[in-house]
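# Chains, contacts and geometry: an overview
Now for the letters of each chain:
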Amino acid sequence: GQQVMQIPQYQHVQEGEDFTTYCNSSTTLSNIQWYKQRPGGHPVFLIQLVKSGEVKKQKRLTFQFGEAKKNSSLHITATQTTDVGTYFCAGHLGYSTLTFGKGTMLLVSP
Amino acid sequence: EAQVTQNPRYLITVTGKKLTVTCSQNMNHEYMSWYRQDPGLGLRQIYYSMNVEVTDKGDVPEGYKVSRKEKRNFPLILESPSPNQTSLYFCASSSGTVRDTQYFGPGTRLTVL
């Protein structure tokens, strides 16, 4: 069935290193959302991308939406321990449903 | 404070004993949904509701029921829970449609023995 694939599943970095997670869909997405879930917490909305080729920045976080609207990425520059958590992408494959990727768990060592 | 609340936060029950997990939002949101989160599987949508009295199945609806009698409440009902429904459950709401920002509740950790 239609899916949103996310890689890597897990990444462990040293504080100060960069981090990137990738999201791919087999079908064109109308838009894509990114969420962050801290350990023991609930998903919290980060951003939504709508336009082909769109790039948005939030401080050290850079989000991109592919030209074909089938892939997206989240890049964190110079990670900090506060970046620890699981990052999910979510795409609208159906009219009223939201399909989440399986998430990338980020661990940052000081 | 704008929020989505869920109760209970933790529940341990036995197979076959009916239970309800409540979800309430105070943001006058039209769209509400339930997800389950399992290790390695991410978040999967169980049911969603686009408005009062309008509900529909998500990706994994088997074994669950929902109702939307009021705009603010969207309870999740397990008529006969089974161990494979042991999971972390999240309720979420958004202002208009699923395309808007999803606001998640704190989660309910359910264990079915």
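Residues numbered from 1 in each chain as written. Chains lettered and ligands numbered in written order. Predicted model: local features only at pLDDT ≥ 70, side-chain atom pairs only at ≥ 80, totals over all residues. Heavy atoms only, no water.

### Focus: the pairing of strand E3 (residues 19-25) of chain B
Residues and elements named next belong to chain B. To be explicit about the condition: Any residue under 20% of the maximum accessible area for its type is buried, any over 50% is exposed, and the rest in between are partly exposed; the area is computed with a 1.4 Å probe on protein chains only. Where helices and strands are cited, they refer to DSSP runs of H or I of at least four residues and of E of at least two residues respectively, numbered from the N terminus. At least two DSSP bridges between two strands are needed for those strands to be called paired.
Of all seven residues in E3, five are buried, a share of seventy percent or more. In terms of strand pairing, E3 meets strand E8 (residues 76-78) through three bridges, oriented antiparallel. The residue of E8 that forms the bridge with Val21 is Leu76.

### Considering the nonpolar core
Heads up, the condition is: Only buried Ala, Val, Leu, Ile, Met, Phe, Trp, Tyr and Cys residues count toward a nonpolar core, and they belong to the same one when joined by side-chain atoms within 4.5 Å. A contact between two residues is defined here by any heavy atoms of the two lying within 4.5 Å.
Ranked by size, the top nonpolar core spans 21 residues in total, and within it Ile32, Trp34 and Phe63 of chain A carry the most contacts. Once you skip the residues sitting within four places of it in the chain, Phe63 of chain A turns out to touch Trp34, Leu46, Ile47, Leu49, Glu54, Val55, Lys56, Gln58, Ser73 and Leu74 of chain A. Ranked by size, the runner-up nonpolar core spans 19 residues in total, among them Val21, Ile46, Val60 and Val112 of chain B.

### Here we look at the state of the cysteines
Just so we agree on the cut-off: In plain terms, two cysteine sulfur atoms within 2.5 Å form what is called a disulfide here.
This model, assessed by the stated rule, comprises two disulfides over all chains. The side chain of Cys23 of chain A participates in a disulfide bridge whose partner is Cys89 of chain A; the two sulfur atoms lie 1.9 Å from each other. A torsion of 75° about the S-S bond marks the disulfide between Cys23 of chain A and Cys89 of chain A as right-handed. A residue pair is termed long-range when its members are at least 10 positions apart, and Cys23 of chain A in strand E3 (residues 19-25) and Cys89 of chain A in strand E9 (residues 85-91) qualify at 66 residues. Owing to a relative accessible area of 1%, Cys23 of chain A belongs among the buried residues under this scheme. Under the relative-accessibility criterion, Cys89 of chain A is labelled buried at 0%. A disulfide bridge connects Cys23 of chain B with Cys91 of chain B, and the sulfur atoms are separated by 1.8 Å.

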